[in-house]
Every structure is written in structure tokens, then in C-alpha cells.
Amino acid sequence: ALISTDACDNSALTEPFAPWQDTSLYKLVPGGSFEGGASGWTLSGGARIVAGSEPYGATGSVGKSSVDLPAGASVQSPFTCVDAAYPTFRFFGRNNGLLSTVAVSVVYKLPLLGPVGLPVGVFALGGTWQPSLPMLTASAVTGLLSGGTTNVALRFTALTGNSQIDDVFVDPRMSR
């Protein structure tokens, strides 16, 4: 096959968004709960780990930490493998003021080019923790260009207001 649809690693898969009628299986992005700090993540522009977590226990228990993004700040996940089986990702977010928005990009490790970030959407945050809608990784295309699998990182940049992000997941199959 030109494109692999097998999981590219042995990560545990769960249904963290089942309460929102999404029964797809997801893997947690490395360090994506922020419970161990920001290990492996790159924080810039004043981004920092703070107390407070999404209250739904999407990782199996309610956490105590999330990442805070003042306007202009960004956070980027460590690279994780994806292939055609990892088409989307989701996360939880909330604002800490009026009119908070977060720009979301997928950063690809491409042969010859190195890391390349592509914007995939803007998430308008509310005053309470809510899950994002599914956002595309374009893993089928990049996987094809790099022999079946590729590495991606997810970058979140606060455009306006002050925002918090927590529990970042990649969907391995889009639906069961």
C-alpha cells in the first residue's frame, strides 16, 4: 500500500470525547495533559503551566494543570508519529477574558525542508472548558510524501485574549 493505515506506535487509545458523541479512539499527544509540566513542549511569548484543568477527566482522571497562553504566546507539542490512520486531533480550551482565540497549526517534519508549519484553523474559546471540534492533520498526504508515516507537532498561538489549553489528543481512525 502507498499509505499506511496502521497505528505508527503502540500508544494507549481511549474515547475521551464520548460525552460529546465522538466515540472515536484517540491517543494523548506526548505530555498533552501537562500534568508533568511541559516536558517536551516548547513554550514562548509568556506561555506557562498553571493550575487548573478541564473538569471532565478526559485522560482518565481530572488533572491539575494546563498551559496558559497570554495574547501572542504559543506552545508547540513534541513531534509524534502519524500516518493515514491519524487524520484528526482535538483538545480542550477555555478563555480567561473576553474574546479569546487560538490559532492552531500542524508542524510537519518534511524530508529536505525540515519543520514546516501549516495553519489548520482558529478556535474561539468560551469561558468554560470545552472540547475543540476535530481538526485535520493531513497525515495521509504527508505520510504519502514521506513513505507512509511522518512526524507532526501541534502549535497553539493565542491571537487575542488569554487562553488555556489542556489534554491534546490525536485521533487514529477518525471513526470506529
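Note on numbering: residues in each chain are counted from 1, in written sequence order. Since the coordinates come from a predicted model, pLDDT governs what is reported: local features require at least 70, and pairs of side-chain atoms require 80 or more to be given and counted, while whole-chain, interface and lining totals use all residues. Working from all heavy atoms in the structure, the side-chain values ignore hydrogens and water.

Bringing the overall build of the chain into the picture now. Working definition: helices are DSSP H or I runs of at least four residues, strands are E runs of at least two. Numbering for both runs from the N terminus. A tally of regular secondary structure across the chain gives 1 helix and 13 strands. Counted from the first residue to the last, the chain has its helices and strands arranged as β-β-β-β-β-β-β-β-β-β-β-α-β-β. The classification of residues rests on relative accessible area computed with a 1.4 Å probe and restricted to protein chains. Under 20% of the type maximum is buried, over 50% is exposed, and intermediate values are partly exposed. A burial count over the chain gives 45% of its 176 residues as buried. Throughout, a residue-residue contact means that at least one pair of heavy atoms, one from each residue, lies within 4.5 Å. Sequence-distant contacts, at least 24 apart, represent 77% of the contacts inside the chain between residues at least 6 apart. Each accessible area is a Shrake-Rupley estimate made with a 1.4 Å probe; only the visible protein chains count as cover when residues are assessed. Per element, the accessible surface of the chain, about 8,000 Å² overall, is 59% carbon and sulfur.

Two side chains of opposite charge can pair, provided their charged atoms sit close to one another. Criterion for a salt bridge: a side-chain nitrogen of Lys or Arg within 4 Å of a carboxyl oxygen of Asp or Glu. Here the structure, examined in full by the defined rule, presents 2 salt bridges. Residue Asp-68 pairs with Arg-48 through a salt bridge whose shortest N-O separation is 3.9 Å. Of the two residues, Asp-68 is situated in strand β4 (residues 65-69) and Arg-48 in strand β3 (residues 48-51); the sequence distance between them amounts to 20 residues. Residue Arg-48 is classed as partly exposed on the basis of its relative accessible area of 49%.

Now for the side chain of Asp-167. Looking at the secondary structure, you find Asp-167 in strand β13 (residues 163-171). Neither His nor the chain termini are counted; the positive set is Lys and Arg, and the negative set is Asp and Glu. Salt bridges are absent for the buried Asp-167, whose nearest opposite-charge side chain, Arg-90, sits at 12 Å. Non-local contacts of Asp-167, meaning those with residues more than four positions away in its chain, are made with Leu-28, Gly-32, Ser-33, Phe-34, Glu-54, Ala-58, Thr-59, Arg-90, Phe-91 and Phe-92.

What follows is about the nonpolar core. Core analysis: the biggest nonpolar cluster contains 26 residues, and Leu-69, Phe-89, Phe-91, Phe-156, Ile-165 and Val-168 have the highest contact counts within it. For this core, the secondary structure elements donating two or more residues are β4, β7 (88-95), β8 (101-110), β12 (149-160) and β13. Buried Ala, Val, Leu, Ile, Met, Phe, Trp, Tyr and Cys residues that are joined via side-chain atoms within 4.5 Å together make up what is termed a nonpolar core. Counting 6 residues, the second-largest nonpolar core is a separate cluster that includes Phe-17, Tyr-26, Phe-92 and Phe-169.

By the secondary structure assignment, Val-120 is in strand β9 (residues 114-124). Look at Val-120 and you get partly exposed, because its relative accessible area is 31%. Remark: the alpha-carbon pair of Val-120 and Met-135, spanning 15 residues in sequence, is separated by 6.9 Å. When sequence neighbours within four positions are dropped, the list of residues in contact with Val-120 reads Phe-89, Val-104, Ser-105, Val-106, Met-135 and Leu-136.

Most of β7 sits out of view: 7 of its 8 residues are buried. One bridge is not enough; two strands pair if DSSP finds at least two bridges between them. Across 2 bridges, β7 lies against strand β11 (residues 135-136) in antiparallel orientation. Residue pairing in the sheet places Thr-88 in a bridge with Leu-136 of β11. Pairing of β7 with β13, which is carried by 7 bridges, proceeds in the antiparallel orientation. Bridging from a neighbouring strand, Gly-93 pairs with Ile-165 of β13.

Considering the arrangement of structural elements, one finds Ala-58 in the loop between β3 and β4. Accessibility expressed as a relative area gives 9% for Ala-58, which makes it buried. Here the alpha-carbon distance between Ala-58 and Thr-14, two residues 44 residues apart in the chain, equals 8.8 Å. In contact with Ala-58, other than residues within four places in its own chain, are Pro-16, Phe-92, Asp-167 and Phe-169.

Each Phe, Tyr or Trp ring (for Trp, its six-membered ring) is paired with any other whose centre lies within 6.5 Å, and the angle between the two planes then decides the class: stacked below 30 degrees, edge-to-face above 60, tilted in between. Throughout the structure, instances matching the rule amount to 11 aromatic pairs. The structure contains a cluster of three or more aromatic residues connected by ring pairs, namely Phe-17, Trp-20, Tyr-26, Tyr-56, Phe-92 and Phe-169.

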